[in-house]
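Listed below are the residues making up each chain.
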Amino acid sequence: MTPNKLSTMTVKVGLRMILNHLMCLIVSLSVLIILPNIYGALIAQACNLGILLVMSYTYVWHIGDDDRNKFNYGHIKRDLNRGLKAGLMGYSPFLLTALGLLLCKGGVLPADFIKYYRMIMSPFMPFNQVIMPTTLTVAEQSWGAVILSALTALIVPIALWIAYRLGFNRISFTDTFFYSKKRGNDQ
């Protein structure tokens, strides 16, 4: 994969993340309006993680699989961190938003930033509502809750790193769960 190919992958990952975040925002708001309690937050968070991780995981897994073939024929050098690089670069606007939350808590950014943070980090909106209640201002939130909320932004780049490595090694959960032979009397 040439640097140009990495930048193409990064742009595609970034665009998928924006689309995923919009879908997660719709799911979060819909579920939390219907069930404005902890059960609604759990359902919305499970749906959001499914949307966010599965859609980006499969894309990066296939790139890792393609790169394995290119590596076998000597077209590219082996770099198992390409998924992490693309994940960090493609998800950088959201990582900067998480950094902004920490700066907001530190008093560098205005207190209203937390409203924008909640909307931008929509896949984790239900989780953030549980650990950082909307009734409290950012100054009243605990540092632990703010740091934990900011750390959620690292979930996606780590998942993409794992997806690329698994794709490069051709380890597929789909093949394992759905296409494995059943053992028993019918063989």
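Here goes a summary of the coordinates provided.

Scoring rules and cut-offs
Residues numbered from 1 in each chain as written. Predicted model: local features only at pLDDT ≥ 70, side-chain atom pairs only at ≥ 80, totals over all residues. Heavy atoms only, no water. Helix = DSSP H or I, 4+ residues; strand = E, 2+ residues; numbered from the N terminus. Buried < 20%, exposed > 50% of the residue type's maximum accessible area, 1.4 Å probe, protein only. Areas by Shrake-Rupley, 256 points an atom, 1.4 Å probe, with all protein chains shown as cover. Lys, Arg positive; Asp, Glu negative; His and termini not counted. Charge placed at Lys NZ, Arg CZ, Asp CG, Glu CD. Core = buried A, V, L, I, M, F, W, Y, C linked by side-chain atoms within 4.5 Å. Contact = heavy atoms within 4.5 Å. Axes fitted to C-alpha atoms, helices over the stretch in contact; angles between N-to-C directions. Left-handed = near helix turned anticlockwise from the far one by under 90°. Salt bridge = Lys/Arg side-chain N within 4 Å of Asp/Glu carboxyl O. Patch = residues over 30% accessible without salt bridge, like charges linked within 9 Å, V, L, I, M, F, W, Y side chains within 5 Å.

Concerning the overall build of the protein chain
Thinking step 1. Assigned secondary structure in the protein chain consists of nine helices and zero strands.
Thinking step 2. Listing every helix and strand of the protein chain by position from the N terminus yields α-α-α-α-α-α-α-α-α.
Thinking step 3. For the protein chain, the spread of C-alpha atoms along the three principal axes comes to 60 × 50 × 25 Å.
Thinking step 4. A buried classification covers 40% of the 187 residues belonging to the protein chain.
Thinking step 5. For the protein chain, the exposed surface amounts to about 10900 Å²; the carbon and sulfur share of it is 68%.
Thinking step 6. Of the charged side chains in the protein chain, 17 are positive and 8 negative; the average position of the first set lies 5 Å away from that of the second.

With respect to the nonpolar core
Thinking step 1. Val60 and Tyr91 are the most contacted members of the largest nonpolar core, which totals 33 residues.
Thinking step 2. Here Val60 is in contact with Met9, Val13, Gly83, Leu160, Ala163 and Tyr164, once residues within four sequence places are set aside.

Section: the packing of helix H2 (residues 38-72) against helix H8 (residues 155-168)
Thinking step 1. Running from N to C, H2 and H8 cross one another at 35°; their axes reach a closest spacing of 7 Å. Crossing geometry of H2 relative to H8 is assigned as right-handed. Every residue of H8 that contacts H2 at Leu52, Leu53, Ser56, Tyr57, Val60, Trp61, Ile63, Gly64, Asp65, Asp67, Arg68 and Phe71 is listed here: Ile155, Val156, Ala159, Leu160, Ala163, Tyr164, Leu166, Gly167 and Phe168.

Some words on unusual backbone geometry
Excluding glycine, a negative phi dihedral is what most residues carry, and trans is how most peptide bonds are arranged.
Thinking step 1. Residues other than glycine seldom take positive phi values, yet Arg170 does so here, at roughly 55°.
Thinking step 2. Tracing the backbone through its elements, the reader meets Arg170 in the loop between H8 and helix H9 (173-178).
Thinking step 3. On the basis of relative accessible area, Arg170 is assigned to the partly exposed category, the value being 45%.

Some remarks on the environment of Val60
Thinking step 1. When you line up the elements, Val60 lands in helix H2.
Thinking step 2. Accessibility expressed as a relative area gives 1% for Val60, which makes it buried.
Thinking step 3. Considering only alpha carbons, one finds Val60 and Arg165, 105 residues apart in sequence, at a separation of 9.2 Å.

Remarks on the pattern of salt bridges
Thinking step 1. Taken as a whole and assessed by the stated rule, the structure comprises four salt bridges.
Thinking step 2. Two residues, Arg170 and Asp65, come together in a salt bridge whose shortest N-O distance is 2.6 Å. Separated by 105 residues along the polypeptide, Arg170 in the loop between H8 and H9 and Asp65 in helix H2 bring together distant segments of the chain.
Thinking step 3. By relative accessible area, Asp65 is classed as buried at 19%.
Thinking step 4. In this structure, Asp79 engages Arg82 in a salt bridge whose closest nitrogen and oxygen atoms are separated by 4.0 Å.

Describing a nonpolar patch on the surface
Thinking step 1. A surface patch of nonpolar side chains, amounting to about 610 Å² of accessible area, comprises Leu88, Trp143, Ile147, Leu151, Leu154, Ile158 and Ile162.
Thinking step 2. Only helix H7 (143-151) and H8 provide two or more residues apiece to the nonpolar patch.
Thinking step 3. Take the nonpolar patch: its biggest share by element is three residues, from H7.
Thinking step 4. With relative accessibility at 40%, the residue Ile162 sits in the partly exposed group.

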